[in-house]
Amino acid sequence: MMRHPALRPVALLLVLAVLAGCAGRAMVLLVPGATGLGDTETVLVASTRVFENGDWGSDRLEGLSFVSFDVHIPPEREPGDVQPTRTGDATPDPAEQFLVTRADGLRDAAGFRAELARALAARPAGQREVMVFVHGFNTSFADGLYRTAQIRHDFDVPGVAVHYAWPSAGNPFGYAYDRDSALFARDGLEQLLREIAANGTHRIVLVAHSMGSNIVMEAMRQLRIGGRQDVLDRIGGVILMSPDIDVDVFRSQALRIGKLPQPFMIFTSQRDRALRLSATITGQRARLGNIGTVEDVADLDVTLVDVSEFRGGAQDGLNHFTAATSPAMIRLLSEVAQVNLSLEGDVARDIGLLPGTVLTVRNATQVILRPLTQALP
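Residues numbered from 1 in each chain as written. Predicted model: local features only at pLDDT ≥ 70, side-chain atom pairs only at ≥ 80, totals over all residues. Heavy atoms only, no water.

S.K.: Help me understand the overall build of the protein chain in this model?
M.R.: For the protein chain, the count of helices and strands is twelve helices and eleven strands. The contacts in the protein chain between residues at least 6 apart in sequence include a share of 74% that link residues at least 24 apart. Split by element, the accessible area of the protein chain, about 15,900 Å² in all, is 51% carbon and sulfur. (Helix = DSSP H or I, 4+ residues; strand = E, 2+ residues; numbered from the N terminus. Contact = heavy atoms within 4.5 Å. Areas by Shrake-Rupley, 256 points an atom, 1.4 Å probe, with all protein chains shown as cover.)

See the structure below:
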């Protein structure tokens, strides 16, 4: 029997809903006694989510709230894997699950700046930078917090980790709500970057996933329009992972920003089924995160990193977060000494030493990565 093409997005949405319902909702569970097992990552959080009934939900907060967390990284896990504590878990397992061992509310922006200054002062002189992670579509507060800690830990990113938690619905059917929330969240990220820059940080590295990439681009665009070159000068690198952005919109954002922070890396994949669905919903052939060639952005100073030959981790069945969830990808980037995710040096040159193909078209570079072995992971 022939199936109508229009039914395919609906079918995939139903699959997403089923997968989301297979486990309880990720939660921030405070377990101070877990500090003796595994590693701990400190994550500072700035959020535009409303906090009520003991949790950060999907309602939108005007302004920013700030919290400092210590996140427990369990020892029994593959790189890229995040098993959070969930509602309904009878007993959390610190050997396998992410937990929170400390949570301190910071009273206001001044409290955040003071906490950030303390964290930076505790780092070696050459590692006093800030990694800001902006999560994507269908992400709860806990999911974004744990993912920030995982990226900081697995890639051994130097400096202090900061998570920007914007009000995603955390629901596979909440795409329209999340797109509106992403627009709502632009001002909050701009404010956060201004607060970080006010601390005199040597460098800010922006890392974004999926729809969060649009928030990053919009915040930088607003900084340019507002004449905040001092803040833009602090941004020493941008990494967009599977960006869910219309290619024409991205081009307009980049052209308005002008000189893009360097390096500017965009991880793409032809295997990304979530972006394939997003393109179908928006009536387009592709999103920025699954474009096949560099031609559409050839006039921009960007590096496309094509990870199509890798598969996402066990929890990433849609291959929508391959750069951060694939054990093979993490091992590859971690084992090659020339690639440094602190973003020092000429990354476009250095990443060419990895297994794969490097293409340069006008101002842009495309790197098509391959696993260290020919077999797909």
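That covers the picture; the talk isn't over yet.
S.K.: What is the right way to look at the pairing of strand S2 (residues 55-73) in this model?
M.R.: Remember that side chains alternate between the two faces of the sheet whenever the strand is regular. Across twelve bridges, strand S1 (residues 39-52) lies against S2 in antiparallel orientation. The residue bridging Thr 40 from the neighbouring strand is His 72, located in S2. Hairpin geometry of S1 and S2 is characterised by an intervening segment of two residues between the two adjacent antiparallel strands and by a positive phi of about 55° at Asn 53. Looking at chain direction, S2 and strand S3 (residues 99-106) are connected through seven bridges and run antiparallel. Counted as the bridge partner of His 72 is Leu 99 from S3. (Pairing = 2+ DSSP bridges.)

S.K.: Can you walk me through helix H3 (residues 141-154) in this structure?
M.R.: Owing to its 3.6 residues per turn, the α-helix aligns residues three or four sequence positions apart on the same side. If you check H3, its first and last C-alpha atoms are 20 Å apart, about what 14 residues at 1.5 Å a residue would give, namely 20 Å. With respect to burial, H3 is a largely interior element, twelve of its 14 residues being buried. Of all the positions in H3, only Phe 141, Ala 142, Gly 144, Leu 145, Tyr 146, Arg 147, Thr 148, Ala 149, Gln 150, Ile 151, Arg 152 and Asp 154 are classed as buried. At the exit of H3 stands Asp 156, carrying a positive phi of roughly 50°. (Expected span 1.5 Å × (residues − 1). Buried < 20%, exposed > 50% of the residue type's maximum accessible area, 1.4 Å probe, protein only.)

S.K.: Can you walk me through the environment of Ile 215 in this structure?
M.R.: Counting through the fold element by element, Ile 215 comes out in helix H6 (residues 212-225). Separated by 26 residues in the primary sequence, Ile 215 and Leu 189 have C-alpha atoms spaced 7.5 Å apart.

S.K.: Honestly, the sheet that holds strand S6 (residues 203-209) in this entry has me stumped. Any pointers?
M.R.: Picture the strands of a sheet paired through backbone hydrogen bonds; they go either parallel or antiparallel. The strand order across the open sheet formed by eleven strands is S3-S2-S1-S5-S4-S6-S7-S8-S9-S11-S10, and the pairing between neighbours is mixed. Looking at the sheet topology across the chains shown, the edges are occupied by S3 and strand S10 (356-361). Between one strand axis and the next, the sheet turns by 20° as a mean value, whatever way the strands run. Against the sheet, H3 engages S1, S2, S3, strand S4 (129-134) and strand S5 (160-165), with an angle of about 150° to S1. (Axes fitted to C-alpha atoms, helices over the stretch in contact; angles between N-to-C directions.)

S.K.: Looking at this model, I keep getting lost on helix H2 (residues 109-121). Mind explaining?
M.R.: With 13 residues, H2 extends 18 Å between its outermost C-alpha atoms, agreeing within 8% with the 18 Å of an ideal straight helix rising 1.5 Å per residue. As for H2, its buried residues are in contact with S1, S2, S3, S4, S5 and helix H5 (186-198). Backbone nitrogen of Ala 110 and a side-chain oxygen of the N-cap are separated by 3.1 Å at the start of H2; the cap is Asp 108. (Polar contact = N/O pair within 3.5 Å; in protein donor to acceptor, adjacent residues only side chain to side chain.)

S.K.: What is the right way to read the side chain of Glu 190 from this model?
M.R.: By secondary structure assignment, the location of Glu 190 is in helix H5. Relative accessible area serves as the criterion here: at 14%, Glu 190 is assigned to the buried category. Apart from the residues lying within four places of it in its own chain, the contact partners of Glu 190 are Ala 219, Gln 222 and Leu 223.

S.K.: When you look at unusual backbone geometry in this model, what are you seeing that I'm missing?
M.R.: Most peptide bonds take the trans configuration, and most residues that are not glycine carry a negative phi. Residues Gln 262 and Pro 263 are joined by a peptide bond in cis, for which omega reads -5°. By the element assignment, Pro 263 lies in the loop between helix H8 (247-257) and strand S8 (264-268). One non-glycine residue, Ser 242, adopts positive backbone phi at about 50°. Note that Ser 242 resides in the loop between strand S7 (235-241) and H8. In this model, Asn 319 sits at a positive phi of 55°, which is unusual for a non-glycine residue. For Asn 319, the position within the fold is in the loop between strand S9 (303-306) and helix H10 (322-325). You can call Asn 319 buried: its relative accessible area is 10%.

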